[in-house]
Amino acid sequence: MTDDTTSLPDDAQDDAPPQVEAPRRTAVVAEDESLIRMDIVETLTEAGFDVIAAVGDGESAVAKARELRPDIVVMDVKMPQMDGVTAAERIGEDNLAPVVMLTAFSQAELVERARDAGAMAYVVKPFTPADLLPAIEIAISRYQQITQLESEIADLGERFETRKRVDRAKGLLQTNMGLSEPEAFRWIQKTSMDRRLTMREVADAVVDQLGGPKD
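Attention in this report is confined to the structure presented alongside it. None of these values were measured; they are calculated from a predicted model.

In this section: the overall build of the protein chain. When helices and strands are tallied, the protein chain shows 9 helices and 5 strands. Sequence-ordered secondary structure for the protein chain, helices as α and strands as β, is α-β-α-β-α-β-α-β-α-β-α-α-α-α. Going through the 215 residues of the protein chain one by one, you find that 39% of them count as buried. Long-range contacts, defined as pairs at least 24 residues apart, comprise 58% of the intrachain contacts of the protein chain with a sequence gap of at least 6.

Next up, the structure:
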């Protein structure tokens, strides 16, 4: 009985394309309590992030974000030299990275201040990896969406209004079509490209069809 199986010659096997590993996403951690800071670094490392800086104050967080341009900044609200909300404002003004805020205070006012400062998500202490990691993914996704929107529009006032309308349209798509937030954004983005409309025009059409006033 003959063996009909064939194998590639050694040189052909050597020509097979190498497996290229995707680059690890980078993170900066800012937390003045060293034990919590170490826990966050460990959590991010185990989740596949490369923690390129871990600092204990807001000024250092801004400096490292400016120097290293990480994929995410995880930052406590209460820190010496510069608090996390002010640091998030500086990072947001320079469009350096998405920010996840950590806070022991769940008051609506503080959350609103952090959001207005440019934070994309927040987590209330004490938290687990199951709390932190989804918040990081949300922050990165929202930051990418905002960056895409702002690349379309030069005027700052127009950017803000477009962002509001797209957010409303995303919410309606999530409720009515069962999409996740990233899926809703990609639907708006794809429809915009397919129909040669701006994302604001697509968002307005979604709001008109699915309900709710635009303003």
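The rest of the description comes next.
Now for the environment of Gly56. Tracing the backbone through its elements, the reader meets Gly56 in the loop between strand E2 (50-55) and helix H3 (58-68). It is 8.1 Å that separates the C-alpha atoms of Gly56 and Arg37, two residues lying 19 residues apart in sequence. Ignoring any residue separated from it by four or fewer positions in sequence, one finds Gly56 in contact with Glu31, Asp32, Arg37, Met79 and Pro80.

Pairing is parallel across the open sheet formed by 5 strands, whose spatial order is E2-E1-E3-E4-E5. Every interior strand has two partners, whereas the edge strands, E2 and strand E5 (121-124), have only one. Looking at each pair of strands side by side, their axes are set apart by 20° on average, direction ignored. Strands strand E1 (26-30), E2 and strand E3 (72-76) of the sheet are contacted by H3, whose axis makes an angle of about 150° with E2. Along the sheet, helix H4 (residues 84-93) makes contact with E3 and strand E4 (99-103), crossing E3 at roughly 160°.

This part takes up the side chain of Thr26. Turning to its location among the elements, Thr26 is positioned in strand E1. Assessed through its relative accessible area of 17%, Thr26 is described here as buried. Ignoring sequence-local partners within four residues, the contact set of Thr26 consists of Phe49, Asp50, Ile52, Arg69, Pro70, Asp71 and Ile72.

Going through the model one piece at a time under the given rule, you end up with 9 salt bridges. Glu31 is the salt-bridge partner of Lys125, the closest N and O atoms lying 3.0 Å from each other. With a gap of 94 residues between them, Lys125 in the loop between E5 and helix H6 (129-152) and Glu31 in the loop between E1 and helix H2 (34-46) connect regions that are remote in the sequence. Here Lys125 and Glu31 have matching classes, each one buried. Salt bridges sharing common partners tie together Arg142, Asp167, Lys170 and Glu181.

All right, on to the pairing of E4 then. With 5 of 5 residues buried, E4 lies mostly within the body of the structure. Side-chain alternation along E4 places Val99, Met101 and Thr103 on one buried face and Val100 and Leu102 on a second face that is also buried. Sheet topology note: the E3/E4 ladder contains 4 bridges and is parallel. Pairing of Asp76 across the sheet is with Leu102, part of E4. You can see the chain leave E3, run along H4 and come back into E4, and the turn it takes is right-handed. Across 4 bridges, E4 lies against E5 in parallel orientation. For Val100, the partnering residue across the bridge sits in E5 and is Ala121.

This paragraph deals with the pairing of E3. Counting buried positions over the 5 residues of E3 gives 5, a clear majority of the element. Of the two faces of E3, the one lined by Ile72, Val74 and Asp76 and the one lined by Val73 and Met75 are each fully buried. Note: E1 against E3, 4 bridges, orientation parallel. When the sheet's bridge partners are listed, Ala30 is paired in E3 with Met75.

Here the focus is the packing of helix H8 (residues 181-195) against helix H9 (residues 199-210). Packing of H8 against H9 brings their axes to within 9 Å, and their N-to-C directions diverge by 115°. Between H8 and H9 lies a crossing of right-handed hand. Contacts from Phe185, Trp187, Ile188, Gln189, Thr191 and Ser192 in H8 reach Met199, Val202 and Val206 in H9. Of the residues in the contact of H8 with H9, the class split is 6 nonpolar, 3 polar and no charged.

Definitions and cut-offs
- By convention here, each chain's residues receive numbers from 1 onward along its written sequence.
- Only residues with pLDDT of 70 or above have their local features reported here, since the model is predicted, and side-chain atom pairs are shown and tallied only from 80 upward, although totals for entire chains, interfaces and linings are computed over all residues.
- Water and hydrogen atoms play no part in the side-chain values, which are based on all heavy atoms of the structure.
- For the purposes of this entry, the term helix denotes a DSSP run of H or I that reaches at least four residues, the term strand denotes a run of E that reaches at least two, and both are numbered from the N terminus.
- For the exposure calls, accessible area comes from a 1.4 Å probe over protein chains only, and a residue counts as buried if that area is under 20% of its type's maximum, exposed if over 50%, partly exposed in between.
- Any two residues having at least one pair of non-hydrogen atoms within 4.5 Å are treated as being in contact.
- Note on pairing: DSSP must find at least two bridges between two strands before they are called paired.
- Axis angles are defined between N-to-C directions and span 0 to 180 degrees, where every axis is a line fitted to C-alpha atoms and, for a helix, only to the segment in contact.
- Each salt bridge in this description consists of a side-chain nitrogen of Lys or Arg and a carboxyl oxygen of Asp or Glu lying within 4 Å of one another.
- The path from the first strand over the helix to the second decides the hand: if it runs clockwise while the strands point away from the viewer, the crossover is right-handed.
- A clockwise turn of the near helix away from the far one marks a right-handed crossing, whereas an anticlockwise turn of less than a right angle marks a left-handed crossing.
- All residues other than Ala, Val, Leu, Ile, Met, Phe, Trp, Tyr, Cys, Pro, Asp, Glu, Lys and Arg, Gly among them, are scored as polar; the first ten of these are nonpolar and the last four charged.

Everything listed is a geometric property; what it means functionally is a separate question.
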